[in-house]
Amino acid sequence: MAAIAIDPRSRRSDAGILTQITDGRRNRIWQAKDVVRFLDKFAARAKRRRG
């Protein structure tokens, strides 16, 4: 998986679309909370359908 540099001053982080979920200045991990929430809901629905 290729790493993509994200400028913490970008519009995505300013708008709250991406949030940094680690501390520090190196090896940062970013998360799109709305996307994660959507995937969690999808997984819950898929699990109910399977049985």
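Residue positions are given per chain, counting from 1 as you read along its sequence in written order. Local features are withheld for residues below a pLDDT of 70 in this predicted model, meaning they are given only at 70 or higher, and side-chain atom pairs are given and counted only at 80 or more; totals for whole chains, interfaces and linings count all residues. The side-chain values count all of the structure's non-hydrogen atoms but skip hydrogen atoms and water molecules.

### Details of a positive patch on the surface
Filter applied, for reference: The patch calculation keeps residues exceeding 30% relative accessible area without a salt bridge and links them within 9 Å when they carry like charges or within 5 Å when they are nonpolar (Val, Leu, Ile, Met, Phe, Trp, Tyr). Every accessible area reported is derived by Shrake-Rupley at a probe size of 1.4 Å, with residue values counting cover from the shown protein chains alone. Salt bridge, as used here, is a side-chain nitrogen of Lys or Arg placed within 4 Å of a carboxyl oxygen of Asp or Glu. Counted charges follow a simple rule, with Lys and Arg positive, Asp and Glu negative, and His plus the chain ends left uncounted. Charge positions come from single atoms, namely NZ of Lys, CZ of Arg, CG of Asp or CD of Glu. The way it works is that DSSP assigns letters per residue, a run of H or I at least four long becomes a helix, a run of E at least two long becomes a strand, and they are numbered from the N terminus.
On the surface, Lys41, Arg45, Arg48 and Arg49 cluster together into a patch of positive charge. Summarising the element assignment, Arg45 is placed in helix H2 (residues 33-50).

### Here we look at the pattern of salt bridges
Pairing is possible between side chains that carry opposite charge, provided their charged atoms lie close to one another. Inspection of the entire model under this criterion finds 1 salt bridge. Between Arg37 and Asp34 there is a salt bridge; the shortest N-O distance is 2.5 Å. Residue Arg37 and its partner Asp34 are located together in helix H2, separated by 3 residues, close to a single helical turn.

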